[in-house]
Structures are given as structure tokens and as C-alpha cells.
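Fold and contact review
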Amino acid sequence: MRVLVAEDERDLADLVAVGLRRHAMAVDVVYDGVAASERLAVSDYDVLVLDRDLPEMHGDLVCRELVARGSRTRILMMTAAAAVPERVAGLGMGADDYLPKPFDYAELVARVQALGRRSQAQVPPVLMRHGIVVDTHRLQASRDGRHLHLSLKEFAVLEVLMRADGAVVSSERLLEEAWDENVDPFTTVVRVVVSRLRAKLGDPPCIQTVPGAGYVL
């Protein structure tokens, strides 16, 4: 799942991003509305965590702009204004969910995960293929009953490959869906993580390299 956090309180924004990454999400962060609008115009996100009171460009305008484009990105709007009329107004302009500050972090994660599932094609929360079982809610994976001790990045790559359901997944797609914007597109990080994942999945090998195209499970 790829998430954009747009929040002008830098410490809060960075803490939210760190926490979401612990749940195998690829998270980018911006601190004003103009930066959020620019990022949303060039990148495809599953969820936007949007502070309503952003500088430079108000969060309401960011929300309306995104909705007007018909984007599939789901919007979780946050604000210190918790009154019912404020929540109604936020939802009325196209936000998918509304979370008043201060919030419980576990609730934020749950809401982002729920919105992320809605933004993607409907798939079961437990994915199964070649004896591999991936529980996307519990972040657990096994093969033939053997628990796999995966890093969050390995889990994210495995989930993308499982969701592809036998289709070839390019390195570019893996970078887009499992890493944030700070990754070097010319790095070998995808190859390294796939190699580690292959080793942990064990025999018989189940991730194949398709020369010039990507990987298939």
C-alpha cells in the first residue's frame, strides 16, 4: 500500500509516516498543500492522510482537486476541529473518512488500512498460492505450514507478487508499490530483496525472473 501524509506539523507527520511504515506501507511525506497537490499529480497513492489546515494551499482545496480528477486515492482527513458540522463538511467535499485530533494511533492505522483495501481491487485478506499463505492483516506469511520470518520490505514485495496472481510484476511496479519516493530508481534494491525473499521461501523455487520484464510468482 502506498500512502501520502500531508501534515504541516513536521514532528507529527514524520511520526505518522514511521508508524505506517512499520505496517509494511510505502509512505511519502509533505508539509504543505502545494507540495501535496504536486505529488498527487505525478504519483499514484492508495491513501492520502490529509491535514485539513495546511499552509500554502488549504486541505479542502487539495481534497476537491483530487476528487475532481476522479482519482482512486482514498482520503482520510484530519483536523483539530472535531465538531459534527466540521466532520460533515469534510465528508461532503469528498473525503472518505474523517479523524479528529488528537487521535489514537491504532485507530489511524486501522482506518488507513481499511481505506487502502477499498482503493485496490477486491482481494481476500488472506492470499494463497504455491503453498504460500499471506495474511495481509496480521502481516504474517507461511509456506507449507512453515512460518516465514520476513522483514517488512520482504513482506511487502511478497504481497505485491501474490496480488498479481501469476502476472509478471516489473521492478518499476515493485519500487512504486513497496518503496517510498526516496528510493533510487536505478538501485539494485529490488533484486536484493527478491533474492533474500527467494532464500526464505525455500525449495522448490517459486519466484521466477522474466528477463527484461520483471518477476512472477
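Here, every reference points to the structure presented above.
Because the structure is predicted, anything quoted here is derived from the model rather than measured. Numbering of residues starts from 1 in each chain and follows the order in which that chain's sequence is written. Thresholds applied to this predicted model are a pLDDT of at least 70 for local features of residues and 80 or more for the giving and counting of side-chain atom pairs; totals over whole chains, interfaces and linings are not thresholded and use all residues. In computing side-chain properties, one takes all heavy atoms of the structure into account and sets aside hydrogens as well as water.

Below, the discussion takes up the overall build of the chain. The secondary structure content of the chain amounts to 8 helices and 11 strands. In summary, the chain has a C-alpha radius of gyration of 18 Å against a globular reference of 17 Å for 217 residues, a match within 12%. Dimensions along the principal axes, computed over C-alpha positions, put the chain at roughly 55 × 35 × 30 Å. Buried residues in the chain amount to 45% of all 217 residues. A separation of at least 24 residues holds for 58% of the contacts in the chain among residues at least 6 apart in sequence. Summing over all exposed atoms, the chain offers an accessible surface of approximately 10,600 Å²; the carbon and sulfur share of this is 53%. In this description a helix means any DSSP run of H or I spanning at least four residues, a strand means any run of E spanning at least two, and both kinds are numbered starting from the N terminus. Restricting the calculation to C-alpha atoms gives the radius of gyration, and the globule rule supplies 2.2 Å times the number of residues raised to the power 0.38. Summary of the burial criterion: residues with accessible area below 20% of their type's maximum are buried, those above 50% are exposed, and those between are partly exposed, where the area comes from a 1.4 Å probe applied to protein chains only. Contact between two residues is taken to exist if any of their heavy atoms lie within 4.5 Å; hydrogens are not considered. Using a 1.4 Å probe, accessible areas were evaluated by the Shrake-Rupley method; residue-level cover was limited to the displayed protein chains.

This brings us to the pattern of salt bridges. Each salt bridge in this description consists of a side-chain nitrogen of Lys or Arg and a carboxyl oxygen of Asp or Glu lying within 4 Å of one another. Tallying each qualifying case throughout the model produces 17 salt bridges. Ionic pairing is found between Asp28 and Arg2, a salt bridge with its closest N-O pair at 3.0 Å. Of the two residues, Asp28 sits in strand 2 (residues 26-30) while Arg2 sits in strand 1 (residues 2-6), which places them 26 residues apart along the sequence. When salt bridges that share partners are traced, they join Glu7, Glu9, Asp51 and Lys101 into one network.

Time to look at the packing of aromatic side chains. For this analysis, a ring pair means two rings from Phe, Tyr or Trp (six-membered ring only for Trp) whose centres lie within 6.5 Å, classed as stacked if their planes differ by under 30 degrees, edge-to-face if by over 60, and tilted for the remaining angles. Enumeration according to the criterion identifies 0 aromatic pairs in this entry. The ring of Tyr31 has Arg10 sitting right over it, with the charged end atom 3.9 Å from the ring centre. Two thresholds decide whether a charge sits over a ring: the Lys NZ or Arg CZ must be within 6 Å of the ring centre and within 35 degrees of the ring normal.

So, on to the packing of helix 6 (residues 152-163) against helix 7 (residues 171-178). Axis angles are defined between N-to-C directions and span 0 to 180 degrees, where every axis is a line fitted to C-alpha atoms and, for a helix, only to the segment in contact. The contact between helix 6 and helix 7 brings their axes to 10 Å, and the two run at 125 degrees. Taken together, the axes of helix 6 and helix 7 lie oblique to each other. Judged by the twist between their axes, the crossing of helix 6 over helix 7 is right-handed. Residues Lys153, Ala156, Val157 and Val160 of helix 6 pack against Arg173, Leu174, Glu177 and Ala178 of helix 7. The labels follow the angle: roughly parallel below 35 degrees, roughly antiparallel above 145, roughly perpendicular from 65 to 115, and oblique for the rest. Each crossing is labelled by how the near helix is turned from the far one, with a counterclockwise turn of less than a right angle marking it left-handed and a clockwise turn marking it right-handed.

Another point: the pairing of strand 7 (residues 132-135). Pairing between strand 6 (residues 126-129) and strand 7: 4 bridges, direction antiparallel. Across the sheet, residue Val126 finds its bridge partner in strand 7, namely Asp135. Pairs of strands are assigned from DSSP output, requiring at least two bridges between the strands. Remark: 2 residues form the turn of the hairpin made by strand 6 and strand 7, two consecutive strands paired antiparallel; His130 in that turn has positive phi of roughly 55 degrees. Both strand 7 and strand 8 (residues 140-143) contribute to a ladder of 4 bridges, which runs antiparallel. Bridge pairing in strand 8 links Val134 to Ala141.

Among the residues making up helix 3 (residues 59-68), those that are buried are Gly59, Asp60, Val62, Cys63 and Leu66. What you see down the axis of helix 3 is that its buried residues fit within an arc of 160 degrees, all on one side. Residues of helix 3 that are buried in the fold lie against helix 2 (33-42), strand 3 (47-51) and strand 4 (74-79). Positioned one or two residues after helix 3, Gly70 has a phi angle of 75 degrees, which is positive. The directions considered for the arc are those from the helix axis to the C-beta atoms.

The next point concerns the sheet that holds strand 2. Overall, parallel pairing links the 5 strands, which are arranged 2-1-3-4-5 in an open sheet. This sheet does not close on itself; its edge strands, each paired only once, are strand 2 and strand 5 (97-100). Averaged over all neighbouring strand pairs, the angle between strand axes comes to 20 degrees, with direction disregarded. In the sheet, strand 1 pairs with strand 2 via 5 bridges, with the strands oriented parallel. Its bridge partner lying in strand 2, Val5 is registered against Val29. Across the face of the sheet, helix 1 (residues 10-21) comes into contact with strand 1 and strand 2 while running at roughly 175 degrees to strand 2.

The tendency in soluble globular proteins is for nonpolar side chains to be buried side by side. Core analysis: the largest hydrophobic core is formed by 29 residues, its most contacted members being Ile132, Val134, Val157, Leu158, Leu174, Trp179 and Ile207. At the level of elements, strand 7, helix 6, helix 7 and helix 8 (189-201) are the ones that each hand at least two residues to this core. The greatest single-element share of this core, amounting to 7 residues, is contributed by helix 6. Not counting chain neighbours up to four residues away, the residues in contact with Trp179 comprise Arg2, Ala26, Lys153, Val157, Leu174, Val189, Val190 and Val193. By nonpolar core we mean a set of buried residues, namely Ala, Val, Leu, Ile, Met, Phe, Trp, Tyr and Cys, connected to one another through side-chain atoms within 4.5 Å.

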